[in-house]
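# Commentary on secondary and tertiary structure
What follows is each chain in one-letter form.
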Amino acid sequence: MPQSVDVRLDHITKRFHEVVAVDDLSLEVERGEFFSMLGPSGCGKTTTLRMIGGFEEATSGTIYLGDADVTGQPPFKRDVNTVFQNYALFPHLSVFENVAFGLRRRKVAASEIVTQVGAMLELVELPGYEARKPSQLSGGQQQRVALARALINRPRVLLLDEPLGALDLKLRKQMQLELKRIQTEVGITFIYVTHDQEEAMTMSDRIAVMRAGRIEQLGNPEELYERPRTAFVAGFLGVSNLLEGDVAGGDGSLVTVKLHDGTLLRAPADGAATTGPVRIGVRPEKLRVDARAEAGASNGLNALSGTVLDASYIGVSTQYLVQTAEGHRLTVYAQNLDTAGAGELLAGGQHVQLTWKPQHTFVISGTAEHVAGDPHLTEEGESA
Amino acid sequence: MRSLSRGITPLLLLLPGTAWLIVFFVVPMAFMLLISLQQGTFDTGYQLTWNFGIYPEVIGQYWELYWRSAIFALAATGLTLAIGYPVAYTIAFRGGRLKNALLLIVVLPFFVSFVIRTLNWRMILSDNGIVFGFLKDLGIVAPDFHFLATPASVIFGLTYNFLPFMILPLYVAIEKIDRRLIEAATDLYASRLQAFWRVTFVLSLPGVVAGSLLTFIPAVGDFITAEVIGAGNPQVFMIGNIIQRKFLDSLDYPAAAALGFVLVAVVMVLVTVYTRLVGSDQLAG
């Protein structure tokens, strides 16, 4: 379905002296989308956001807002607004004047400003706070003012730079839902930068997982979690168990991977490598632990036998660490569906069998050595 | 017991400061007031006669010098601000690793005595010195031009001497400003100039106020500059020159004390008006 594109980055590169912060990055964000850039610090996500905002100049490449090339334009000429990390509210101005700042610069009539600021403070649930100074507000309230100050200008795109980073966990969860509600309500494209995978997954329509100035994988939260294409993505979004093997064959929708000890595992074929060394992965919550070690694979399930190294009862689930015959360690989250408490845990040293559906398996091309030698891994490029 | 000690503690903490003010400000001012009300001569001795008439007398005689001192000091303050702000801004925002070195350069002149530096300027700016002698040789300046002993030369000297007192507080105030605020302003459709006036400058006002006071107050009472660069020309004398002469040359202590007392009063009134205008909370930041 073709949709109108709000932001397009065309082969953007940003170098700070010798360090490449953003490396030949291309990207399209669609209108009305909640788009996140997710990655560890130094991956170039903030630099990319700042280039869209106009605070950094791209070393090469082109930035489009809609159809217009804005690459060389200063921030005040771009139809984007930013919610800054730590908010950057003007300390000498009241909440009202902070929110009205953009409208005043654009010479909006005074009566109109009063109406709009009132409506905007209503939207962020801060009516009646007009006369306060930012220093008189809590962190969550400052965050809302920062959001109102940017949104009131009805920009084409709203840029958010880790806006919830300074809030405590409970408030952060609440603001995530709030942000999503506001975004749906105003229908403005949001580009959101975060290093918190859960935050990105909760709110985003699509996520670009970034690493060393490049997009590692781009997709909706489900794709990224269920079908990570690289070990980095698999590891950055949640916990994953990876096993090495070689592609041994396929039968249409499934490929068969042979582990080094000869065990055969099956995985969906979609786009994965069809020959050579691969890694095969499965999420901990997809694994089922069976105490009957020799139960054997049935119903077409993947099966691995191993020994319980450690078991910890967490309440909602039980976490097992299981070592396979080959020496791999797998994490398992077992739902406490049928157990009544810690007394029923499988003991350490017990032989067990792990089973899971082939559909829950993902395949990553290449071997672990390939990634360990990746020159990008140690690169730090993000500006402070 | 605890609430009592809690009530007393702040007062105890105020004690050293209060004692300092009393011993080094209130008591000397009282002495100065008493001296100003005495009559007599140095040789015959002075008696306290509560001669309040000295005040209208000295003000009537020297009001022009108070006026001139205020104008000179004000001009110098304006110039130090105009020169100092770009310097402080550049060091704070563009200094990078050189910040401390640049600040050292700003205060470096203090390593040489105030009087010596002023004397040096007198030589540099003399009629046939390296500046004007050179310009005269080139024919850019008329042969009979002279700069020393003019009002402009005194204002120049004051500006030079008090510039660091302006730059340092400005630097501290500007350096504290979060640059994201300036980015936020440009993000919200302010041009760079608007962002400067509405954010950077407003937030640096505590530095502007502190720097102006640190420049204006000593400058208004200065006498070295007018004596040296003013070359002793009475036409460019400031009130400090008169006070100094009364005290040290004519030994007319009562008149000198009265002039000094009026100067303190004038400065206090001006400073009060100024801080009220700008908002005294700017001083506290």
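Since this is a predicted model, take the numbers as computed values, not measurements.

### A few points about the sheet that holds strand β14 (residues 277-282) of chain A
All names here are of chain A. Strand order in the open sheet formed by five strands is β13-β12-β11-β14-β20, and the pairing between neighbours is antiparallel. Edge strands, defined here as strands with exactly one partner in the open sheet, are β13 (264-268) and β20 (361-365). Taken pair by pair, the neighbouring strands of this sheet meet at an average axis angle of 45 degrees, ignoring direction. By the bridge criterion, six bridges tie strand β11 (residues 241-251) to β14 in an arrangement that is antiparallel. Along β14, the bridge assignment pairs Asn241 with Val282.

### Points about helix α2 (residues 95-105) of chain A
Owing to its 3.6 residues per turn, the α-helix brings residues three or four apart onto one side. Residue and element names in this part refer to chain A. Regarding α2, the residues found buried are Val95, Asn98, Val99, Ala100, Phe101, Gly102 and Leu103. Each element contacted by the buried residues of α2 is listed here: α3 (110-123) and α4 (139-151). Trailing α2 by a residue or two, Lys107 shows a phi angle of about 60 degrees, which is positive.

### Digging into the interface of chain B and chain A
Contact residues are listed per partner, giving 15 residues for chain B and 17 residues for chain A. Of all elements in the fold, only α7 (179-187) and α8 (192-220) of chain B reach the threshold of two or more residues within the side of chain B that touches chain A. If you tally residues by element for the side of chain B that touches chain A, the top one is α7 of chain B, at six residues.

### Comments concerning the pairing of strand β3 (residues 34-38) of chain A
Residue and element names in this part refer to chain A. Across the five residues of β3, five count as buried, placing the element largely inside the fold. Residues Phe34, Ser36 and Leu38 line one face of β3 and the alternating positions Phe35 and Met37 line the opposite face, and both faces are buried. For β3 and strand β8 (residues 189-194), the ladder comprises five bridges, and the chain directions are parallel. Residue pairing for β8: Ser36 is matched across the bridge by Tyr192. Sheet analysis places β3 next to strand β9 (residues 206-211), joined by four bridges and oriented parallel.

### Brief notes about the confidence of the model for chain B
Summary statistics for chain B give a mean pLDDT of 92 and a share of 95% for residues scoring 70 or more. The ipTM assigned to the predicted complex is 0.81, against a pTM of 0.82.

### A few points about the confidence of the model for chain A
Close reading of the predicted structure is inappropriate where its pLDDT is low. Taken over all residues, the pLDDT of chain A has a mean of 87, while the share at 70 or more is 90%. Low pLDDT (under 50) marks residues 369-384 of chain A, which in the prediction has 22 contacts with non-local residues, meaning those over four places away or in another chain.

### Considerations on the domain arrangement of chain A
Its domain assignment divides chain A into domain 1 (5-226) and domain 2 (239-372). Using C-alpha coordinates to define each centre, domain 1 of chain A is positioned 39 Å away from domain 2 of chain A.

### A few points about the sheet that holds strand β7 (residues 157-161) of chain A
Residue and element names in this part refer to chain A. Here six strands make up an open sheet; going across it, the order is β6-β7-β8-β3-β9-β10 and the pairing mixed. The open sheet has two edge strands with one neighbour each: β6 (80-83) and β10 (214-219). Put simply, the sheet's adjacent strands are angled 20 degrees from each other on average, direction ignored. Bridging between β6 and β7 involves four bridges; their strand directions are parallel. Bridging across to β7, Asn81 finds its partner in Leu158.

Here is what the cut-offs are and how they apply
Residues numbered from 1 in each chain as written. Chains lettered and ligands numbered in written order. Predicted model: local features only at pLDDT ≥ 70, side-chain atom pairs only at ≥ 80, totals over all residues. Pairing = 2+ DSSP bridges. Helix = DSSP H or I, 4+ residues; strand = E, 2+ residues; numbered from the N terminus. Axes fitted to C-alpha atoms, helices over the stretch in contact; angles between N-to-C directions. Buried ≥ 20, exposed ≤ 12 C-beta atoms within 10 Å, placed from the backbone. Contact = placed C-beta atoms within 7 Å. pLDDT = per-residue confidence, 0-100. Domains from an automatic or database assignment.

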